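Descriptive analysis of the structure
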Amino acid sequence: MTVTETVPENAPDPAAPLPPLAARARSTGGSPVRDILAVTARPEVINFAGGLPAPTLFDAEGIAAAYQAVLTETPARALQYSTTEGEPALRAALAARTTARGLDTGADDLLVTTGSQQGLSLLATALIEPGDTVLVEDPCYLAALQAFGFAGARVVAVPGDEHGMDPQALDELVVRERPKLLYTVPTFSNPTGRTLPAGRRAAVAEIAGRRGVWIVEDDPYGELRFEGERVPWIASYDGARDRTVLLGSLSKVMAPGLRLGWLRAPAGLRRACAVAKQAADLHTPTVNQLAAARYLADRDLDAHVARVAAAYGARRDAMLAGLADALPAGSAWTRPEGGMFVWARLPERYDTTALLPEVVRHDVAYVPGAPFHAGEPNCATLRLCFVTQTPDEIAEGLRRLREGLAGACPVLHPSG
């Protein structure tokens, strides 16, 4: 006997497949740093991978007092919607700090952002059409590569050396590639820690003026100087004044959890970024802005930054002192004058991505260098953050790193 199944008349149709994700979401990967942090979240791991400020150095008492003041004295304002451009008191304070550091700035020149990372996203929205070319230094800040890639940009690396990008190579690329913008972290770069010399900054500004290119100058680390003399912003040079966006942040000098950054840009581009921000999040949280403004009014942020920089300088010295023993013979590394990172290059036969799992088994971590390259990656490179741990913890971490690298056979990268 044959049994025939019947389908009820009112049964729903089989579910149709959903439309796919946007091409940009399918083609842009996540952050390798975030992925590593998820894997190395165990408390016993000494983590040189993250770009995390030292939490023990936060002025938690001062920040708490600032929040208490604004929530007690102006609760209705602190908890209400605000303007897209940012709270006037915070913009005025940030403008005054920028002016004091050599770049005349008014409050109306600034747009407050939800971290300086949002500034990159807003600029990508306001400036980049799919297929536009963006020039970046090599290696480059990972999240900038993500932001430009998500916007559909074609990202091209500018060759350089231990001092940063080569202005002559930049000029040739501008002529050949006709880019929309150049992105750079010229002071204590992420990931290399290097600082672009003043002469090259002047040359970059001149090229931008002569060739017609936007410059996005990202400066999250510039105040964290341990030694040497401050180098002027590219934005302060005459050739670049009308075509440079300067990005700043309170994440590294106050606390990253505040998510407060800003961009300084010419009026037309700043207005376009404000419209893009309205579509993204309306405005940066009011209470955070008012608390930061109150902190800047009541406390001496410069004195706090000086204390943090002194501590970070000692931690940099501890890392530099131990690298010769921790890394294989023939390795080389940068000596940053400030910031948060050391960039190391192992002998060419090493592949730091392939070596990482064995190193993590020794309860220490770094970030492989390959993802930081927009062009041909150098698989023998890695980034080490030296600010999160104390000097004693750094010494122990480097001991573990030595054991982890020694315990793994040198792994050849494809060209090795």
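The shown structure was predicted, so the numbers you read here are calculated from the model rather than taken from an experiment.

**What about the packing of aromatic side chains?**
- For the coordinates displayed, the defined rule picks out four aromatic pairs.
- Residues Phe 148 and Tyr 183 carry aromatic rings whose centres are separated by 5.7 Å and whose planes lie at 70° to one another, so their mutual orientation is edge-to-face. Residue Phe 148 is found in helix H7 (residues 142-150), and its partner Tyr 183 is found in strand E7 (residues 181-184); the two are separated by 35 residues along the sequence.
- Classification of Phe 148 as buried rests on a relative accessible area of 1%.
- With 6.1 Å between their ring centres and 70° between their planes, Phe 226 and Phe 386 make a pair best called edge-to-face. Here Phe 226 is found in the loop between strand E8 (214-218) and strand E9 (244-249), whereas its partner Phe 386 is found in the loop between strand E15 (381-385) and helix H14 (391-407), with 160 residues between them in sequence.
- In this structure Phe 386 comes out as buried when scored by relative accessible area, which is 0%.

**A closer look at the sheet that holds E15**
- Read from one edge of the open sheet, four strands run E11-E12-E15-E14, paired in antiparallel fashion. At either margin of the open sheet sits one strand with a lone partner, and together these are strand E11 (332-333) and strand E14 (367-368).
- Judged from the two bridges that link them, E11 and strand E12 (residues 341-345) form a sheet pairing that is antiparallel. What sits directly across from Ala 332, in E12, is Arg 345.

**So, the pattern of salt bridges**
- Under the definition given, this model contains 29 salt bridges.
- The partner of Arg 101 in a salt bridge is Glu 223, with the nearest N and O atoms 3.8 Å apart. With a gap of 122 residues between them, Arg 101 in the loop between helix H5 (88-100) and strand E2 (110-113) and Glu 223 in the loop between E8 and E9 connect regions that are remote in the sequence.
- Among the ionic pairs, Arg 210 bridges to Glu 206, the shortest N-O distance being 2.6 Å. Taken together, the positions of Arg 210 and Glu 206, both in helix H9 (residues 198-211) and four residues apart, correspond to about one turn of that helix.

**Details of the packing of helix H8 (residues 167-177) against H9**
- Following both chains from N to C, one finds H8 and H9 inclined at 15°, their axes separated by 10 Å at the closest point. Relative to H9, the element H8 is oriented roughly parallel. Note on packing geometry: the crossing formed by H8 with H9 is right-handed. On H9, the residues touching Pro 167, Leu 170, Asp 171, Val 174 and Val 175 of H8 are Arg 200, Ala 203, Val 204, Ile 207, Arg 210 and Arg 211.

**Some points on the side chain of Glu 137**
- Looking at the element boundaries, Glu 137 is found in strand E3 (residues 133-137).
- Despite its burial, Glu 137 pairs with no opposite charge, the nearest such side chain being Arg 194 at 5.0 Å.
- There is a polar contact of 3.0 Å between the side chain of Glu 137 and the side chain of Thr 184.
- Looking at Glu 137, its side chain comes within polar contact range of the main-chain nitrogen of Val 185, at 2.7 Å.
- Dropping the residues within four chain positions of it, Glu 137 is found in contact with Val 158, Tyr 183, Thr 184, Val 185, Ser 189 and Arg 194.

Basis of the calculations
- Residues numbered from 1 in each chain as written.
- Predicted model: local features only at pLDDT ≥ 70, side-chain atom pairs only at ≥ 80, totals over all residues.
- Heavy atoms only, no water.
- Phe/Tyr/Trp six-rings, centres within 6.5 Å; stacked < 30°, edge-to-face > 60°.
- Helix = DSSP H or I, 4+ residues; strand = E, 2+ residues; numbered from the N terminus.
- Buried < 20%, exposed > 50% of the residue type's maximum accessible area, 1.4 Å probe, protein only.
- Pairing = 2+ DSSP bridges.
- Salt bridge = Lys/Arg side-chain N within 4 Å of Asp/Glu carboxyl O.
- Axes fitted to C-alpha atoms, helices over the stretch in contact; angles between N-to-C directions.
- Parallel < 35°, antiparallel > 145°, perpendicular 65-115°, else oblique.
- Left-handed = near helix turned anticlockwise from the far one by under 90°.
- Contact = heavy atoms within 4.5 Å.
- Lys, Arg positive; Asp, Glu negative; His and termini not counted.
- Polar contact = N/O pair within 3.5 Å; in protein donor to acceptor, adjacent residues only side chain to side chain.

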